[in-house]
Amino acid sequence: MHDIEALVRQMSLEEKAALCSGATPWTTKPLARLGVDSITVSDGPHGLRRPIEQADMIGRSIPATCFPTASALACSWDRDLLREVGEALGVEARALGVHVLLAPGVNMKRTPLCGRNFEYYSEDPYLAGELASAYVEGVQSTGVGTCLKHFAANNQESERLSISAEIPERVLREIYLAAFERVVTQARPWSVMCSYNRINGTYASQHRHLLTEILRDEWGFEGAVISDWGAVDDRVAGIEAGLDLEMPGPSPCNDRRIVEAVRSGRLDEQALDRAVTRILALVERALAQPGARDPARGLQAPEVEAHHRLARRAAARCMVLLKNDGGVLPLDPARLRSVAVLGHMAVAPQFQGGGSSRVQPTRVDVPLDELRAAAGSVALTYYQGYLESGEPDDALLRSAARAAEAADAALIFAGLPDGVESEGYDRLDMELPPGHVALIQAVAAVQPRTVVVLHNGAPVSMAGWIDRVPAVLLAGLAGQASGGAVADILFGRVNPSGKLAETYPVRLEDNPSYLNFPGENGKVFYGEGLFIGYRYYEARGVQPLFPFGHGLSYTTFSYGQASLSRPSIAPGDSLEVQVPVTNTGSRDGEEIVQLYVRPHRSQLPRPVKELKGFARVALAPGETRPASFRLTIRDFSYYDPERGGWVAEPGTYDLLIGASSQDIRVQATVVLTGGVLADTRLTAESSIQAWLDDPRGREALERFVPDEVMRRYREQPAVMRRVLRNYPLKKLPHVTGGRVDEATVQHILQSVTR
Ligand code: BGC
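The model shown is predicted, which means the values in this text are computed figures rather than measured ones.

Engineer: Tell me about the side chain of Glu 610, residues and numbers included.
Structural biologist: Mapped onto the elements, Glu 610 comes out in strand 21 (residues 610-619). On the accessibility criterion, Glu 610 (6% relative accessible area) is buried. A polar side-chain atom of Glu 610 sits 3.0 Å from a polar atom in the side chain of Arg 535. Beyond its immediate chain neighbours, meaning those up to four positions away, Glu 610 contacts Tyr 534, Arg 535, Leu 595, Tyr 596 and Val 597.

Written out as structure tokens, the structure reads:
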């Protein structure tokens, strides 16, 4: 290990500047004179994308295991699984000579149309943050680093390199930064990748408030900040703001700009030294890990096998049984003679999206083959049903429908074809290809036992067919082994247990970002504020197609009463909550139990309820086990931009525990004591109502406003009093016809500020 401070002292200005950009798209610069080696980074997130040619940004990559995408993994709500997948990714990274994996991505799903939603976890920052933390811990436990991305507010691909996300501070903190905060403070990723976009006018790559004040000063991040590939705008401003490494490299012009800025006095050399120190620390740390200096050995056959099995197990835990009327699933080979397997995706499954996350899989399970292997004596017939492009074709449709009619059941493979979901652009709508819809409709008309298997990484519209089919399995983009997992679930070898990590709206127009996406004139206003995802649908009473947290099982669960470790909670306390869950059906199963917090009242508007805990409970038939949660004061808090901090208001809170955001089974209350009450900031502009609501304000009014005026006010009709209460304090002289003068207003104000 080098003494980094000493190294920096020995480096020339030019050497320092040069270190601030990579040597190639995937490596840092070595500095042979001082014995500094280089490290290799690689995408991410659901598998290794290690280009065969070091100089290639895209192009062919070395085969690696393609695990379920983040959108799928999130539906597992399974921290242990995320850790396990993370470990496997770490092992593959090491085998391919990679020191830092460019993952995970924890941006929020603001709109179903974002092309990269499949790379992200959720519309809820708690869920995304918890799962990504487990992933980071898993990868880093193998001595490989992670790079948490894309920091921040990269919630659309449209104009992603220039758009300014216009977001109020409270919304940033509670929604768009919260998952980053959780991962940084909980799992300590080695590095963070700044995003392409601007936030409130300033590029993320030179956003001091984000990269230094929040990330480092508040959250205690000690690693390096790396630019997204090509995200640097003003390199010198970036160094000042806290951006350390520019990628891809090399970037000789920007290196020179850094040198010139230091020479001309525009850039303080200490800021450069800080960046250089952090890059060196990352390099040193990466190379100090066991095996880090070994040449890439490639993936070995046993690893390939073991990771494929893990990918299959993971995929099965990610899939969500959205609908299963009349127990159509699982298919029982003993009772079926023939099943029609329909749709081109049954032989060419969609299991990942496009862009920099695209993995060259080690192999791919074909659903039709896997179904055949699982079907025993059941005769399976396959018909393509639609064109490869997704377009309808009469002849294909007719033969598929005929086969469906003649069979005992039909399985339709549908979803979003390759190229629809990708980095670099957003989807245009939420529709399935017309050929898929036509196939589902035609088959549903002739076969009552129709099961739709969906391959998509973000919500699709199901209007026009959802009421006509009894069963839908969301297979998602579940990686190279998803075909096997689908067969396992359809034939009941695995009981589905995934739940939605995002709301499925009925129509795109119902989505809260609809009127403010993708923005105009270079800006996108996050007009829905805190109310993204279920926070919006609940507040507005808009019924979604499938709510956040929804997912069915082949068994049933009942919930007992909640027990709390304490009736009240104060700062510094932790509250343990337990709910016994019983498997009341006849199969082994796992239930994902969710805990939401609902404040009774609050000085600032808040969502109806917010997810603050979840637990997976595995149960044999008849078995009961507790789902356990741990809450701290932060789980009850909101961010108050006026105070510049998190506020936990004293008062009563409901704990809502259930099977989905809309299927609450158990309720308990807890009292928060000793928290920080947001001061009602009583000013001359505050309304008379606000003054009357606050004990100190009311006392001041009663003390200084003449009794006569108070009496006249009370004698007003109720509607008039409502009008008057809306006036700001400073208008008292006006509304009282001068009976309260300006000096009195000053006395009132002074009495609360003192
Ligand atoms: C993507 C990143 C990725 C990088 C390197 C960028 O275009 O936004 O997520 O890590 O390329 O491939």
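Engineer: Which residues make up helix 15 (residues 434-446), and what values do they have?
Structural biologist: Here helix 15 spans 19 Å end to end across 13 residues, near enough to the 18 Å set by a 1.5 Å rise per residue. Within the sequence span of helix 15, burial applies to Gly 435, His 436, Val 437, Leu 439, Ile 440, Val 443 and Ala 444. Residues of helix 15 that are buried sit in contact with strand 10 (338-342), helix 14 (394-406), strand 12 (409-415) and strand 13 (450-455).

Engineer: Which residues make up the pairing of strand 10, and what values go with them?
Structural biologist: Within a regular strand, side chains alternate between the sheet's two faces. A large share of strand 10 lies buried, amounting to five of its five residues. Every second residue of strand 10 is oriented toward a common face, with Ser 338, Ala 340 and Leu 342 on one face and Val 339 and Val 341 on the other, all of them buried. Bridge analysis of strand 10 against strand 11 (residues 379-383) gives five bridges, and the strand direction is parallel. If you follow Val 339 over to strand 11, its bridge partner there is Leu 380. Crossover connection from strand 10 via helix 13 (residues 367-374) to parallel strand 11: handedness right-handed.

Engineer: Residue-level account of the site of the ligand, with values.
Structural biologist: The environment of the ligand is made up of 14 residues, and the closest members are Asp 43, Arg 116, His 150, Asp 228 and Glu 423. The contact in question runs from an oxygen atom of the ligand to an N or O atom on the side chain of Asp 43, over 2.5 Å. Protein contact buries 94% of the 310 Å² of open area that the ligand shows by itself. Residue composition of the shell around the ligand, grouped by class: five nonpolar, two polar and seven charged.

Engineer: Break down the nonpolar core for me, citing the residues and quoting the values.
Structural biologist: Counting 149 residues, the largest nonpolar core has Tyr 121, Phe 151, Leu 454, Trp 465 and Leu 490 as its most contacted members. A total of nine residues in this core trace back to one element, the largest contributor, which is helix 5 (residues 125-140). Excluding its chain neighbours within four sequence positions, the residues that come into contact with Leu 454 are Ala 414, Gly 415, Leu 432, Val 460, Met 462, Trp 465, Val 472, Leu 473, Leu 474, Ala 475 and Gly 476. One finds Leu 34, Trp 190, Leu 267 and Leu 280 within the second-largest nonpolar core, a separate group that totals 43 residues.

Engineer: I'd love a proper account of the packing of helix 4 (residues 79-95) against helix 5, names of residues and values included.
Structural biologist: Relative to each other, helix 4 and helix 5 sit at 40°, their axes nearing to 6 Å. Considered as vectors, helix 4 and helix 5 are oriented oblique to each other. Pair helix 4 / helix 5 crosses with right-handed handedness. When helix 4 is examined against helix 5, the residues Arg 79, Leu 82, Arg 83, Gly 86, Glu 87, Leu 89 and Gly 90 are found in contact with a partner set consisting of Tyr 126, Glu 130, Leu 131, Ala 134, Tyr 135, Glu 137, Gly 138 and Val 139.

Cut-offs and rules
For every chain, the first residue of the written sequence is number 1, and numbering continues from 1 onward in sequence order. Totals for whole chains, interfaces and linings use every residue, but because this is a predicted model, local features are given only for residues with pLDDT of at least 70 and side-chain atom pairs only at 80 or more, for both listing and counting. Neither water nor hydrogens contribute to the side-chain values; these are computed over all heavy atoms in the structure. Only DSSP runs of H or I with at least four residues qualify as helices, and only runs of E with at least two residues qualify as strands; both kinds are numbered from the N terminus onward. Think of it in three bands: residues with accessible area under 20% of the maximum for their type are buried, residues over 50% are exposed, and the middle band is partly exposed, with areas taken using a 1.4 Å probe on protein chains only. Any pair of N or O atoms that falls within 3.5 Å is considered a polar contact. Within protein, one atom must be able to donate a hydrogen and the other to accept it, and sequence-neighbouring residues count only if both atoms are side-chain atoms. Here, residues are in contact when the closest pair of their heavy atoms is within 4.5 Å. Expected span, for any helix, means 1.5 Å times one less than how many residues it has. Paired strands, in this sense, are two strands between which DSSP finds at least two bridges. A right-handed crossover is one whose linking path, passing over the helix from the first strand to the second, runs clockwise when the strands point away from the viewer. For this purpose, a residue is taken to be near a molecule or strand whenever a single non-hydrogen atom of the residue falls within 4 Å of it. Method for areas: the Shrake-Rupley scheme with a 1.4 Å probe, in which residue coverage is limited to the protein chains shown. The residue classification treats Ala, Val, Leu, Ile, Met, Phe, Trp, Tyr, Cys and Pro as nonpolar and Asp, Glu, Lys and Arg as charged. All others, Gly included, are polar. Among the buried residues, those of types Ala, Val, Leu, Ile, Met, Phe, Trp, Tyr and Cys that are joined through side-chain atoms within 4.5 Å form a nonpolar core. What counts as an axis is a line fitted to C-alpha atoms, over the stretch in contact for a helix, and the angles between N-to-C directions run from 0 to 180 degrees. The labels follow the angle: roughly parallel below 35 degrees, roughly antiparallel above 145, roughly perpendicular from 65 to 115, and oblique for the rest. It is the rotation of the near helix from the far one that decides the hand of a crossing: anticlockwise by less than a right angle makes it left-handed, clockwise makes it right-handed.

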